[in-house]
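# Chain and residue survey
Here are the chains, one letter per residue:
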Amino acid sequence: MPVSRTVHAETSYADRGSGPALLLVHGHPFDHTMWQPQIDRFSRAGHRVLAPDLRGYGDSPLGASPGSTDLGVFAEDLIALLDDLGIEECVLAGLSMGGQIAMELVRRHPGRVRGLVLADTFPAAETEDGKRARNAMADRLLREGMRGYADEVLDRMVAPHNTHAAPHVHRMMCATDPVAAAAALRGRAERPDYRETLAALAVPALIVVGREDTYTPVADAEEMHALLPHSTLAVIERAAHLPNLERPEEFDAALDAFLRSLVRTR
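The rules we used
- Here the residue numbering is sequential within each chain, running from 1 through the sequence in written order.
- Given that the model is predicted, a residue must reach a pLDDT of at least 70 before its local features are reported, and side-chain atom pairs must reach 80 or more before they are shown or counted; all residues, however, enter totals for whole chains, interfaces and linings.
- Water and hydrogen atoms play no part in the side-chain values, which are based on all heavy atoms of the structure.
- Convention adopted: a line fitted to C-alpha atoms gives each axis, helices being fitted over their contacting stretch, and angles between N-to-C directions are expressed from 0 to 180 degrees.
- Strands are runs of DSSP state E lasting at least two residues, helices are runs of H or I lasting at least four, and both sets are numbered from the N terminus onward.
- Any angle that falls under 35 degrees is termed roughly parallel, while one over 145 is termed roughly antiparallel, one within 65 to 115 roughly perpendicular, and all others oblique.
- Throughout, a contact is declared for two residues whenever any of their heavy atoms are within 4.5 Å.
- In the scheme used here, Gly and all other residues not listed as nonpolar or charged are polar, with Ala, Val, Leu, Ile, Met, Phe, Trp, Tyr, Cys and Pro taken as nonpolar and Asp, Glu, Lys and Arg as charged.
- The buried label applies to any residue whose accessible area, calculated with a 1.4 Å probe on protein chains only, is under 20% of its type's maximum; exposed applies above 50%, and partly exposed to all values in between.
- Two strands qualify as a pair provided that DSSP identifies no fewer than 2 bridges between them.
- Cavities and pockets are defined on a 1 Å grid built over the protein atoms alone: a cavity is a set of grid points where a 1.4 Å probe fits but cannot escape, while a pocket is an open set with protein on both sides within 12 Å along at least five of seven lines, and lining residues are those with an atom within 4 Å of any such point.
- Grid points are joined across faces, edges and corners, and a volume is the space filled by probe spheres set on the points.
- Here a salt bridge means any side-chain nitrogen of Lys or Arg lying within 4 Å of a carboxyl oxygen belonging to Asp or Glu.

### With respect to the packing of helix α4 (residues 128-144) against helix α5 (residues 147-157)
Closest axis-to-axis distance for the α4/α5 pair is 8 Å, and the angle between their directions is 130 degrees. One finds that α4 runs oblique with respect to α5. Along its contact with α4, which presents Met-137, Arg-140 and Leu-141, the element α5 presents Gly-148, Tyr-149 and Glu-152. Taken together, the residues that form the contact of α4 with α5 break down as three nonpolar, one polar and two charged.

### Some points on the pairing of strand β3 (residues 21-25)
Of all the five residues making up β3, five are buried; the element is thus mostly covered by neighbouring parts of the structure. Alternating positions in β3 separate into two faces, Ala-21, Leu-23 and Val-25 on one and Leu-22 and Leu-24 on the other, with burial throughout. Bridge count for β3 against strand β4 (residues 48-52) is three bridges, and the pairing is parallel. Counted as the bridge partner of Ala-21 is Arg-48 from β4.

### Re the layout of surface pockets
Gaps left between atoms are located by rolling a probe of water-molecule size over the structure's atoms. Taken as a whole, the largest pocket spans an internal volume of roughly 450 Å³. The wall of the largest pocket is formed by 20 residues, among which Arg-134, Tyr-149, Leu-185, Arg-188 and Tyr-215 lie closest to the centre. Only α4, α5 and α7 (178-189) provide two or more residues apiece to the lining of the largest pocket.

### Details of the sheet that holds β4
If you walk across this open sheet you meet the eight strands as β1-β2-β4-β3-β5-β6-β7-β8, and the pairing is mixed. Because the sheet does not close on itself, it has two edges, and the strands there are β1 (3-5) and β8 (231-236). Ignoring strand direction, the axes of neighbouring strands in this sheet form an average angle of 25 degrees. Sheet analysis places strand β2 (residues 10-16) next to β4, joined by four bridges and oriented antiparallel. Paired with Tyr-13 across the two strands is Pro-52, which belongs to β4.

### Considering the pattern of salt bridges
Two side chains that carry opposite charge are able to pair once their charged atoms sit near each other. Within the structure shown, the criterion is met by 21 salt bridges. Residue Arg-147 is joined to Asp-151 by a salt bridge in which the shortest nitrogen-to-oxygen separation is 3.0 Å. With Arg-147 and Asp-151 both in helix α5 and four residues apart, the pair spans about one turn of that helix. Residue Arg-147 is classed as exposed on the basis of its relative accessible area, which comes to 52%. Notably, a salt bridge pairs Glu-237 with Arg-211, separated by 2.8 Å at the nearest N-O pair. One end of the pair, Glu-237, is in the loop between β8 and α10 (243-246); the other, Arg-211, is in the loop between β7 (205-210) and α9 (218-227), with 26 residues separating them in the sequence. You can call Glu-237 partly exposed: its relative accessible area is 43%. The class of Arg-211 is partly exposed, set by a relative accessible area of 43%. Members of the salt-bridge network, linked through shared partners, are Glu-76, Glu-104, Arg-107 and Arg-108.

Printed below as a string of structure tokens:
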């Protein structure tokens, strides 16, 4: 994979196809291969698909870290990648933590985003209980590594009937550096509330959620849909937290319709 080296970070990324840029931001604790079905499909369908490994995930090094990676750091890494590649504008898609990074990016750099896709994520700031839970999980990952966590959460990440997706998801989780995962958890615990940002968003948005997602249930997606002035909601049946891997045909159909709508509105 190519590597972008900037003053911000060293970022490994997939870069496939040609045409308008589609930037895919993976969740925690995964890597860019979380998006493999979408990389394959949309790079053949008139899009330049970029899928980076976030700082500390996959092949991208964590770099110097004080023990916490703020979502703003991830967002600026993505902007640095776009700048390095000479890309002024993209459709930005993020899932779970990747969705919150996408919200942070559009809060800071709204002019760089042509359309926004938020999958299985939510915009509210962390509660005090949530902060304690994320920091406790960070401590656990540093103490025990990733395997026990991966074993515990697999059936929530991927619905049990989607056995085709489970091995890939489990491998990604187990391969993640626990130091980087812990730093991201601590940074994510301190994220701002993005609801005001979404309410003011001027570009079209697509909200996607798995019907069986217990991390970010359909009600969260419906609330985002109500907040966003120009949004479409797609609920993927028989999918949990990773509908793009569990039900790629259905997920891709929703994303394809959204991308086509952006072409019509230019």
